[in-house]
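Topology and contacts: notes
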Amino acid sequence: MTDILNIVRTFANKIRSMDKKAYTERQEKMSRFAKALGHPARVAIMQFLAKQEHCYFGDIHEELPIAKATVSQHLSELKNAGLIQGTIELPKVKYCINQENWLLAQELFKEFFGQAVCKKKGGCCG
């Protein structure tokens, strides 16, 4: 009986999800970039990397007032989002901005913030 209930629940969930519109690929990418930039340390890392052709982990760590393990976590978030890339050059890791995704992020945010907004007197909610 439990198996039948699970099948019915799964089927019902699939039907419900079919009614909802999926997010576009661009919306999902922009969200991933925004989440990765959602911490001031990661913004600082991106600003630091933007001024360099590349740099090593130690250079980044020296720039920020946080522990090495924390820097590593932030670099991992940025790398998972595709904003940076790392190359292992034993015993170091060299980081740089992923140019292709950086340009895409610029385009997506420019498009997003360039949208027209309600110009009703007193604002949209007024």
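Anything mentioned here points back to the structure above.
Residues numbered from 1 in each chain as written. Predicted model: local features only at pLDDT ≥ 70, side-chain atom pairs only at ≥ 80, totals over all residues. Heavy atoms only, no water.

Let's talk about the overall build of the protein chain
How we decide: Note on conventions: DSSP H or I runs of at least 4 residues are helices, E runs of at least 2 residues are strands, and numbering of each starts at the N terminus. Remark: exposure states derive from per-residue accessible area (1.4 Å probe, protein chains only) relative to the maximum for the residue type, with buried under 20%, exposed over 50%, and partly exposed in between. Contacts are assigned to residue pairs with any non-hydrogen atoms lying within 4.5 Å of each other. Surface exposure here means Shrake-Rupley accessible area, sampled with a 1.4 Å probe, where a residue is shielded only by the protein chains that are shown.
The number of helices and strands found in the protein chain is six helices and three strands. Along the protein chain, helices and strands appear, N-terminal first, in the series α-α-α-β-α-α-β-β-α. Classification of the 126 residues of the protein chain by burial places 22% in the buried group. A sequence separation of at least 24 residues applies to 53% of the contacts in the protein chain between residues at least 6 apart. Just so you have it, the protein chain exposes about 9,800 Å², and 56% of that area is on carbon and sulfur atoms.

Quick look at the nonpolar core
Note the following rule: What makes a nonpolar core is a set of buried Ala, Val, Leu, Ile, Met, Phe, Trp, Tyr and Cys residues whose side-chain atoms join them at distances within 4.5 Å.
By size, the foremost hydrophobic cluster in this structure holds 21 residues, and its most contacted members are Ile45, Leu49, Ile60, Leu75, Leu78, Leu83 and Ile84. Broken down by secondary-structure element, the contributors of at least two residues to this core are helix H2 (25-36), helix H3 (40-50), helix H5 (68-81), strand E3 (92-97) and helix H6 (99-113). Residues within four places of Ile84 in sequence aside, it is in contact with Met46, Leu49, Leu75, Leu78, Lys79, Tyr95, Cys96, Ile97 and Asn98.

A look at the pattern of salt bridges
Charged atoms that come close allow side chains of opposite charge to pair. For clarity, the threshold we go by: What makes a salt bridge here is a side-chain nitrogen of Lys or Arg within 4 Å of a carboxyl oxygen of Asp or Glu, nothing more.
This structure, assessed with the given rule, holds four salt bridges. In this structure, Glu111 engages Arg26 in a salt bridge whose closest nitrogen and oxygen atoms are separated by 3.0 Å. With Glu111 in helix H6 and Arg26 in helix H2, this pair connects stretches of sequence that are 85 residues apart. Since its relative accessible area comes to 46%, Glu111 is described here as partly exposed. Residue Arg26 is classed as partly exposed on the basis of its relative accessible area, which comes to 34%. The partner of Glu89 in a salt bridge is Lys94, and the shortest N-O contact between them spans 3.0 Å.

Quick look at the sheet that holds strand E1 (residues 55-56)
Pairing between the strands of a sheet is mediated by backbone hydrogen bonds and can be parallel or antiparallel. Rules: A strand pair is defined by DSSP finding two or more bridges across the two strands. What counts as an axis is a line fitted to C-alpha atoms, over the stretch in contact for a helix, and the angles between N-to-C directions run from 0 to 180 degrees.
Within the open sheet, the three strands sit side by side as E1-E3-E2. Their pairing is antiparallel. Of all the strands in the sheet, just E1 and strand E2 (84-89) have a single pairing partner and so form its edges. Pairing of E1 with E3 involves two bridges; the strand directions are antiparallel. Each residue of the ladder has a partner; that of Tyr56, found in E3, is Lys94. Most of the contacts of H3 go to E3, to which it runs at about 85°, and overall it touches E1, E2 and E3.

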